[in-house]
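Chain and residue survey
Chain residues, written in single-letter form:
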Amino acid sequence: MKFESNEGTAGKQRGPRVSCVPGLDRQFFPYAFTNPAAGVRRAALNPGDIANLHERITHLRPLWFEGFQLNVSKGFGVHRTVGASWTLSHVTPTGFRFGGRFQHRCDDSVLKTPLVAFDVNPSSLSSNLQFLYRPVRSLCLELGLQLRPNEAPHVEELSLQHTGTSRTSTVRCCMPGSLDSYRLSVDHLVSLTNRLCVGVEVLCEGHGEAQRTSVAFAGRYNRETWTLAATVSPFEAFDLSYWQKASSRLQLGSSLIVNLPQRRALGSICYRYENPGTVLRGSFDSDWTVGFTYGRKLMPDAFSLCLSLLFCIPKNTFQCGFRIDLDSNLL
């Protein structure tokens, strides 16, 4: 067999090169296999902590309240905000409260100096205090206290969190009640890819001489339009949530919570619908509890109102709430 080379034949027209590798039969191979697209590898993002694993489904749930609320806020620059609220209710304590929030500038999304937030009830002088501080970019310290006259401070939560490029480790401690009661948790959440993250949490609880330790495993898978998250504690509890963005204005979600020691399960379906200046949230639970909240900004934009309705059919109960928020900076 004689082979002719095309090299050195400037005056001749070059013919197509013939490969000795047989071509793919497109009749048996799909187009995606015969013409693969170049992939793009993305670095894994920080997954947050396990406490916010079901954050997207929580963002859809209505925030119910009962009675009447009036909230007024005033900002002094970008670092200081003060506010006051007046509440009339049969469920929550009725009265007047005022508070404030103080912080300094953020440098490259890092809080350089502490953030302090507080609110006080003038009639009883009971107050809540929250303190947050980042000494370095990857370390965050948070403290929540309840202060009452002539009583020792009550630690609602004390947490220390380390945030890495693709992982988060958190230690939380709270003392709900007397000094012999405590709740301590240690959790670690890591992103395996830019869509999948897994983690584990160890929880220790104590009340008097009773002690209990449990372990929970968590995972979440993210897509652009839907998210699936699950938390499993062997022989104790199971929590599954699903979030989907149906359109640019409508978000849907469902969740299932199973508590094995109490032999109880609760399923929920919730939604969030947004229009310019309007937000509607609603939910329907398997225990026949139905409710929704309707929020709308008024003209001028400094005023906004919110209506809350909650029905519990088996208990034959009904709750209604109405709230007005006023931002004096927009007047």
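Structure report, in brief. Predicted model only: the values in this text are computed from it and were never measured.

A short note on the nonpolar core
Grouped together as the largest cluster of nonpolar side chains are six residues: I50, L53, L189, C197, A218 and A229. Residue contacts for A229: discarding those within four places in its chain leaves L53, H54, G219, R220, D239, L240 and S241.

Digging into the layout of surface pockets
Of the pockets and cavities examined, the largest pocket occupies roughly 760 Å³. Counted by class, the lining of the largest pocket contains 15 nonpolar, six polar and nine charged residues.

Examining the environment of D119
Within the secondary structure, D119 sits in strand 6 (residues 115-120). In this structure D119 comes out as partly exposed when scored by relative accessible area, which is 24%. Each C-alpha atom, one on D119 and one on G100, is 6.6 Å from the other, the two residues being 19 residues apart in sequence. In contact with D119, not counting residues within four places along its chain, are R97, F98, G99, S126, S127 and N128. At 2.6 Å, the side chain of D119 forms a polar contact with the side chain of R97.

A few points about the pattern of salt bridges
One pass over the structure, following the stated rule, counts eleven salt bridges. When the shortest N-O distance is used, the salt bridge between R97 and D119 registers 2.6 Å. With R97 in strand 3 (residues 95-102) and D119 in strand 6, this pair connects stretches of sequence that are 22 residues apart. Measuring nitrogen to oxygen at the nearest pair gives 3.3 Å for the salt bridge that ties D187 to R172. Placement of the pair is D187 in strand 11 (residues 181-191) and R172 in strand 10 (residues 167-174), with a sequence separation of 15 residues. Here D187 matches R172 in class, with each residue buried. Because the salt bridges share partners, they merge into one network encompassing D49, E157, R172 and D187.

Section: the side chain of Q69
Within the fold, Q69 resides in strand 1 (residues 67-76). When its relative accessible area of 15% is taken as the criterion, Q69 is described as buried.

Some words on the packing of aromatic side chains
The tally for this structure, following the rule as stated, stands at seven aromatic pairs. Ring plane angle 15 degrees and centroid distance 6.3 Å describe the contact between F68 and F322, whose orientation is recorded as stacked. Of this pair, F68 sits in strand 1 while F322 sits in strand 21 (residues 317-327); the two residues are 254 residues apart in sequence, bridging distant segments of the chain. Arranged with centres 5.6 Å apart and planes meeting at 40 degrees, the rings of Y221 and W226 form a pair that is tilted. W226 gets classed as partly exposed once you look at its relative accessible area, which sits at 28%. Here the aromatic residues F68, W86 and F322 are joined through ring pairs into a cluster of three or more. Across the ring face of W243, the terminal group of R56 is positioned such that the distance to the ring centre comes to 4.3 Å.

What counts and what doesn't
- Residues numbered from 1 in each chain as written.
- Predicted model: local features only at pLDDT ≥ 70, side-chain atom pairs only at ≥ 80, totals over all residues.
- Heavy atoms only, no water.
- Core = buried A, V, L, I, M, F, W, Y, C linked by side-chain atoms within 4.5 Å.
- Buried < 20%, exposed > 50% of the residue type's maximum accessible area, 1.4 Å probe, protein only.
- Contact = heavy atoms within 4.5 Å.
- 1 Å grid on protein atoms, 1.4 Å probe; cavity = no way out; pocket = protein on both sides within 12 Å on 5 of 7 lines; lining within 4 Å.
- Points joined across faces, edges and corners; volume = space filled by probe spheres on them.
- Nonpolar A, V, L, I, M, F, W, Y, C, P; charged D, E, K, R; others polar.
- Helix = DSSP H or I, 4+ residues; strand = E, 2+ residues; numbered from the N terminus.
- Polar contact = N/O pair within 3.5 Å; in protein donor to acceptor, adjacent residues only side chain to side chain.
- Salt bridge = Lys/Arg side-chain N within 4 Å of Asp/Glu carboxyl O.
- Phe/Tyr/Trp six-rings, centres within 6.5 Å; stacked < 30°, edge-to-face > 60°.
- Lys NZ or Arg CZ within 6 Å of the ring centre and 35° of its normal.

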